[in-house]
Amino acid sequence: MNKIQVAYKDIVLADGSANEEYLAGLRNRLKELEAAGEQVMLEPQVLPEDCKDIDAALSVTAAYKHCARRVKDCECVKGFEIPAVFAGMERGGELADNFKSELLEKHPHYVFG
C-alpha cells in the first residue's frame with residue numbers, strides 16, 4: 001500500500017481556511033491512482049510549530065477531517081496515518097484518539113497507522 005504525504009501547510013491557507021485548489025488536485029491524483037488499482041494511506045505532515053498546543057492540534061485534526069471529506073469518493077484511500085507530531089505532545093494519546101474518532105464519523109471504513 002502506498003503512502004501519500006499531505007502537508008498541513010498545503011491544505012490550510014495563511015488565513016486558516018482550506019486550500020480547496022490543493023484539495024481538488026489531491027482528489028484528482030487519488031482518482032488516477034484508484035483507476036490504476038492502487039490503494040493508499042494518507043500521511044499528514046505537520047510541523048511542530050503548526051501544533052504548539054492542544055487548540056492547534058484540534059485545528060490540525062479539523063483540517064484533515066475536511067481533507068477526508070474532500071476525498072470521500074476516492075475508494076483507493078484506506079485511511080490516514082496519525083499525525084506524528086501528536087506523539088510528542090501533552091495528551092498525545094487523547095489527540096490521536098480524537099483524530100481517529102473525528103475522521104471515523106463520516107468514514108467508518110478508514111484504518112489508521
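Above this text is the structure in question.
Residues numbered from 1 in each chain as written. Predicted model: local features only at pLDDT ≥ 70, side-chain atom pairs only at ≥ 80, totals over all residues. Heavy atoms only, no water.

1. Quick notes on the packing of aromatic side chains
Here the distance between the centres and the angle between the planes together describe a pair of aromatic rings.
1) Next: Tallied over the full model, the rule gives 7 aromatic pairs.
2) Next: Seen in terms of ring centroids, Tyr64 and Phe80 are 6.4 Å apart; in terms of plane orientation they differ by 75°. Their pairing is edge-to-face. Within this pair, whereas Tyr64 is found in helix α3 (residues 54-70), its partner Phe80 is found in strand β3 (residues 77-80), the two being separated by 16 residues in sequence.
3) Next: According to the relative accessible area criterion, Tyr64 is buried, its value standing at 0%. (Phe/Tyr/Trp six-rings, centres within 6.5 Å; stacked < 30°, edge-to-face > 60°. Helix = DSSP H or I, 4+ residues; strand = E, 2+ residues; numbered from the N terminus. Buried < 20%, exposed > 50% of the residue type's maximum accessible area, 1.4 Å probe, protein only.)

2. Considerations on unusual backbone geometry
If a residue is not glycine, its phi is most likely negative; likewise, a peptide bond is most likely trans.
1) Next: Backbone geometry at Arg91 places phi at a positive 65°, although glycine is not the residue there.
2) Next: With respect to the element layout, Arg91 can be found in the loop between β3 and α4 (92-104).

3. Some words on the packing of helix α2 (residues 20-35) against α3
1) Next: Between α2 and α3, the least distance of the axes is 9 Å, while the angle of their chain directions is 50°. It follows that α2 is oblique to α3 by the angle criterion. Along this stretch, α2 crosses α3, giving a crossing that reads as right-handed. Where α2 approaches α3, its residues Glu20, Leu23, Ala24, Leu26 and Arg27 are matched on the opposing element by His66, Cys67 and Arg70. (Axes fitted to C-alpha atoms, helices over the stretch in contact; angles between N-to-C directions. Parallel < 35°, antiparallel > 145°, perpendicular 65-115°, else oblique. Left-handed = near helix turned anticlockwise from the far one by under 90°. Contact = heavy atoms within 4.5 Å.)

4. Quick look at α2
1) Next: Across its 16 residues, α2 extends 22 Å between first and last C-alpha, which sits within 8% of the 22 Å expected from 1.5 Å per residue.
2) Next: Burial in α2 covers these residues: Leu23, Leu26 and Leu30. The buried residues of α2 occupy one face: seen down the axis, they fall within an arc of 55°. Exposed residues lying more than 90 degrees from the buried face of α2 are Glu21, Glu32 and Ala35.
3) Next: Tucked into the core, α2 has its buried residues touching β1 (2-7), α1 (8-11), β2 (40-45), α3 and β3.
4) Next: Positive backbone phi, at 80°, marks Gly37, one or two positions downstream of α2. (Expected span 1.5 Å × (residues − 1). Arc of directions from axis to C-beta.)

5. Looking at the sheet that holds strand β4 (residues 111-112)
Whenever strands of a sheet pair, they do so through backbone hydrogen bonds, lying parallel or antiparallel.
1) Next: Taken in spatial order, the 4 strands line up as β1-β2-β3-β4 in an open sheet, and their pairing is parallel. The two strands at the open ends of the sheet, each matched to only one other strand, are β1 and β4.
2) Next: With 6 bridges connecting them, β1 and β2 associate as parallel partners. Counted as the bridge partner of Val6 is Pro44 from β2.
3) Next: Each of β1, β2 and β3 is contacted by α2, which is oriented at about 175° to β1, the strand it contacts most. (Pairing = 2+ DSSP bridges.)

6. Description of the pattern of salt bridges
1) Next: Counted under the stated rule, the structure contains 9 salt bridges.
2) Next: Where Lys9 meets Asp10, a salt bridge forms, and the shortest distance between an N and an O atom there is 3.4 Å.
3) Next: A relative accessible area of 61% means that Lys9 is categorised as exposed.
4) Next: Residue classification places Asp10 among the partly exposed positions, given a relative accessible area of 26%. (Salt bridge = Lys/Arg side-chain N within 4 Å of Asp/Glu carboxyl O.)

Fair warning: the whole summary comes from geometry, so function is off the table for now.
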